[in-house]
Amino acid sequence: MKKKVIISVGVVFVICAAFILQGVMEKHGKLADAVKKTISSETNKIPVVVHSVTPLAAPVRTETEWLPADFYDAFTDFDLVAVCRIVDSEEVCIEYTKEITRKEYGTRLTVQPEEILYQSAHSKEVDADSLSVWNEMSSRRMPEEGALIQKGEEYIFFLQSAEKTDSPLDYSAVCDYILRLPKTGAYLLKKGAGLSEEMAEFLNVQAGRAELSDYQEAKAGMTAEKAVNSLYEGKGK
Amino acid sequence: MIRKMKSRLFGWVLAFVLCFSFSGSKVEAASLARTSANTSVSGWAYSTQSGHMGVKTSNYTFDSSTTYNTYSTYLSNGIALWGTNISMGYTSQSTAKGLIIASDAASDATASTLVVSVDSNGHRTKFTITIYSVNFLGSYTNVNGRNRTIAHEIGHAYGLGDISQSSNIMYGSYSTLKQVTTQDIWGMKVVTHQHNHSSSTTGTYSQLNASYHNVVCSSCYGIYKQDHSYVNGICSKCGRAQ
């Protein structure tokens, strides 16, 4: 009889312990979600944690297959095309969890828009003195033909809103805009510099797609602002 | 709940083991012995990163089970495009030479390759291939193109570099048209030592310096730095005076 009572008490204890344990784990799960929500915005995207890292002394060179530039449509994929002065540059790590915790490295540029060449109709008004821009290159991943973006210099940037990116990660927690086009010297337009053959071809393809009648054909060596202006003249906001 | 915890625990353990395995490896300078790197003379080029594979055989694993489930078919198909010129298989072991990583980052790339370490002979011992999932699986691409992207990255992992000819697999942009050509295969034969250069290599000679001349190998079109063969003070091959 005594034995039966002890066994019954033992069984009840085990069942209660299991319920308590489950409750604790659920509570822990809810707490973890709550913490994540403070980091993420209201989007359905994967929350990210961003922190600053020290650039490596020697850049790590990688070899990359790029999407062709004509993957992009100059009038629907870019939200802002502007001459931007680089005010600051910070190497950052984006951490996110999807089965395992992953880390992405890149550079967050602080830029001052000097001249807006194109702004899409549905993009936000640029009223800030400075914008933050995500550049996928960093000292931890520098494609072999990658061009270095330098502080104080002015470039024509083709930018996509962070909220519009196809990435499932919540880039709105990282930056305002994402720098688009392959990260090679051919597509990095320094203010006042001549166009590369690749960039001239890109602009001509875009003008052809949009059937622009008053477009002046871009040629290699032509001033970058002139060529880009010709594509976007009278378009956008 | 318990199953979910177990799954998470497994994921963390796997990530830890892989990260530990791939960190701290020393990268050492290396090259094919006296062969000029970064030179494309007829449709193929050497990788711009350290070393080359040195053998046909290597293996790879994935950073997670989701990456395995999503990309293993593309890996198999991409490797198959190289035919019998390489032998590369999947292993679940973290000691694999290659780690395939899936990234959700905003990128303009479809994939990229990083050489993590090479041994004292300049042979690659660890590499990673990062697949940028948004672009790789996006509506712009198709199965054939994705297989070709993998073949391209495998070429990098073995020691081949980008080239400008758009019909070759080592062309640097995504394309459904590029394919493994004779030139790509010659490059692969060199970086896997199925074809070697030596003092008996013949081809087209050009003067380089007092010690060597360059010879464009008549078989693979790779450039090899060869010792002068002086006869009566004149190199019998490149014509340089001693």
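Above this text sits the structure in question.
So, a few notes on the structure that sits alongside this text. All values reported here derive from a predicted model rather than from experimental measurement. Position numbers for residues start from 1 in each chain and track the written sequence from start to end. Here chains are named by letter from A upward and ligands by number from 1 upward, in the order in which they appear as written. Given that this is a predicted model, residues contribute local features only at a pLDDT of at least 70 and side-chain atom pairs are listed and counted only at 80 or more, while totals for whole chains, interfaces and linings are drawn from all residues. The basis for every side-chain value is the complete set of heavy atoms in the structure, and neither hydrogens nor water enter the calculation.

### Description of the interface of chain B and chain A
Logical step 1: Chain B puts 44 residues into the contact, and the matching count from chain A is 39 residues.
Logical step 2: Overall, the association of chain B and chain A removes approximately 3200 Å² of surface from exposure, summing both partners, and the carbon and sulfur fraction of that is 50%.
Logical step 3: Of all residues in chain B, the largest losses of buried area upon contact with chain A belong to Asp104, Ala106 and Asp108 of chain B, amounting jointly to 25% of the total for that side.
Logical step 4: Throughout this description, the term salt bridge denotes a Lys or Arg side-chain nitrogen within 4 Å of a carboxyl oxygen of Asp or Glu. In this structure, the connection of chain B to chain A is made through five salt bridges.
Logical step 5: The term polar contact refers here to a pair of N or O atoms within 3.5 Å; inside protein, the definition further demands a hydrogen-donor-capable atom paired with an acceptor-capable atom, and it admits residues adjacent in sequence only when both atoms are side-chain atoms. The interface formed by chain B and chain A includes 29 residue pairs in polar contact (both at pLDDT 80 or more).
Logical step 6: Looking at the side of chain B that touches chain A, the elements with two or more residues in it are α1 (2-22), α2 (65-80), β3 (98-103), β4 (109-118), α3 (133-136) and α4 (143-158) of chain B.
Logical step 7: We count a stretch as a helix when DSSP gives it H or I for four or more residues in a row; a strand needs E for two or more, and each element gets its number in order from the N terminus. Looking at the side of chain B that touches chain A, the element that brings in the most residues is β4 of chain B, giving six residues.
Logical step 8: Residues were grouped as follows: Ala, Val, Leu, Ile, Met, Phe, Trp, Tyr, Cys and Pro as nonpolar; Asp, Glu, Lys and Arg as charged; and all remaining residues, including Gly, as polar. Here the residues of the side of chain B that touches chain A sort into 17 nonpolar, 20 polar and seven charged. By definition, residues are in contact when any of their heavy atoms lie within 4.5 Å. In this description, buried area is defined as the sum, over both parts, of the accessible area (probe of 1.4 Å) that is lost when the two are combined.

### Thoughts on the sheet that holds β4 of chain B
Logical step 1: Strands are treated as partners if at least two bridges between them are detected by DSSP. Within the open sheet, the seven strands sit side by side as β6(A)-β2(A)-β4(B)-β5(B)-β3(B)-β1(B)-β2(B). Their pairing is mixed. Only two strands of the sheet have a single partner each, and these edge strands are β6 (142-143) of chain A together with β2 (87-90) of chain B.
Logical step 2: As paired elements, strand β2 (residues 61-66) of chain A and β6 of chain A share two bridges and run parallel to each other. Across the sheet, the residue bridging to threonine 62 of chain A is proline 143 of chain A, located in β6 of chain A.
Logical step 3: Contacts between α2 of chain B and the sheet are confined to β1 (57-62), β2, β3 and β5 (124-132) of chain B, with β1 of chain B contributing the most and set at about 160 degrees to the helix. Lines fitted to C-alpha atoms define the axes here, with helix axes fitted over just the stretch in contact, and angles between the N-to-C directions of these axes take values from 0 to 180 degrees.

### Quick notes on the nonpolar core
Logical step 1: Counting 34 residues, the largest nonpolar core has Leu75, Trp82 and Ile154 of chain B as the members making the most contacts within it.
Logical step 2: Elements with a contribution of two residues or more to this core: β1, α2, β3, β5, α4 and α5 (182-191) of chain B.
Logical step 3: It is α4 of chain B that contributes the most residues to this core, five residues altogether.
Logical step 4: If sequence neighbours within four positions are ignored, isoleucine 154 of chain B has contacts with Leu75, Ile79, Trp82, Ile86, Met88 and Ile129 of chain B.
Logical step 5: Within this scheme, the nonpolar core is defined by two criteria: the residues are buried Ala, Val, Leu, Ile, Met, Phe, Trp, Tyr or Cys, and they are joined through side-chain atoms within 4.5 Å. Buried means the residue's accessible area, taken with a 1.4 Å probe over protein chains only, is under 20% of the maximum for its type, while exposed means over 50%, and partly exposed covers the values in between. With 30 residues, the next largest nonpolar core counts Tyr72, Phe202, Ala218 and Val228 of chain A among its residues.

### Some words on α2 of chain B
All names here are of chain B.
Logical step 1: Given the number of residues in a helix, its expected span is that number minus one, multiplied by 1.5 Å. With 16 residues, α2 ought to run about 22 Å at 1.5 Å a step, and its terminal C-alpha atoms sit 22 Å apart, in line with that.
Logical step 2: A residue's bend is simply the angle between two axes: one fitted to the seven residues ending at it, one to the seven starting at it. Maximal helix bending in α2 amounts to about 55 degrees, located at tyrosine 71.
Logical step 3: The complete set of buried residues in α2 reads Thr67, Tyr71, Ser72, Tyr74, Leu75, Gly78 and Ile79.

### Concerning the environment of tyrosine 68 of chain B
Residue and element names in this part refer to chain B.
Logical step 1: Within the secondary structure, tyrosine 68 is located in helix α2.
Logical step 2: Among the residues examined, tyrosine 68 registers a relative accessible area of 32% and is labelled partly exposed.
Logical step 3: Residues tyrosine 68 and isoleucine 101, 33 residues apart in the sequence, show an inter-C-alpha distance of 9.4 Å.
Logical step 4: Ignoring anything within four residues of it in the chain, the contact list for tyrosine 68 reads Phe62 and Tyr90.

### As for the environment of histidine 213 of chain B
All names here are of chain B.
Logical step 1: Note that histidine 213 resides in strand β7 (residues 212-217).
Logical step 2: Here the alpha-carbon distance between histidine 213 and tyrosine 224, two residues eleven residues apart in the chain, equals 8.3 Å.
Logical step 3: Beyond its immediate chain neighbours, meaning those up to four positions away, histidine 213 contacts Tyr205, Ser206, Gln207, Leu208, Tyr224, Lys225, Gln226, Asp227, His228, Cys235, Lys237 and Cys238.
Logical step 4: A polar contact of 3.3 Å, which involves the side chain of histidine 213, links it to the side chain of histidine 228.

### Looking at the sheet that holds strand β8 (residues 223-227) of chain B
Residues and elements named next belong to chain B.
Logical step 1: Strand order in the open sheet formed by three strands is β6-β7-β8, with antiparallel pairing between adjacent strands. Single-partner strands in this sheet number two, and they are β6 (203-207) and β8. Put simply, the sheet's adjacent strands are angled 35 degrees from each other on average, direction ignored.
Logical step 2: Both β6 and β7 contribute to a ladder of five bridges, which runs antiparallel. What sits directly across from glycine 203, in β7, is cysteine 217.

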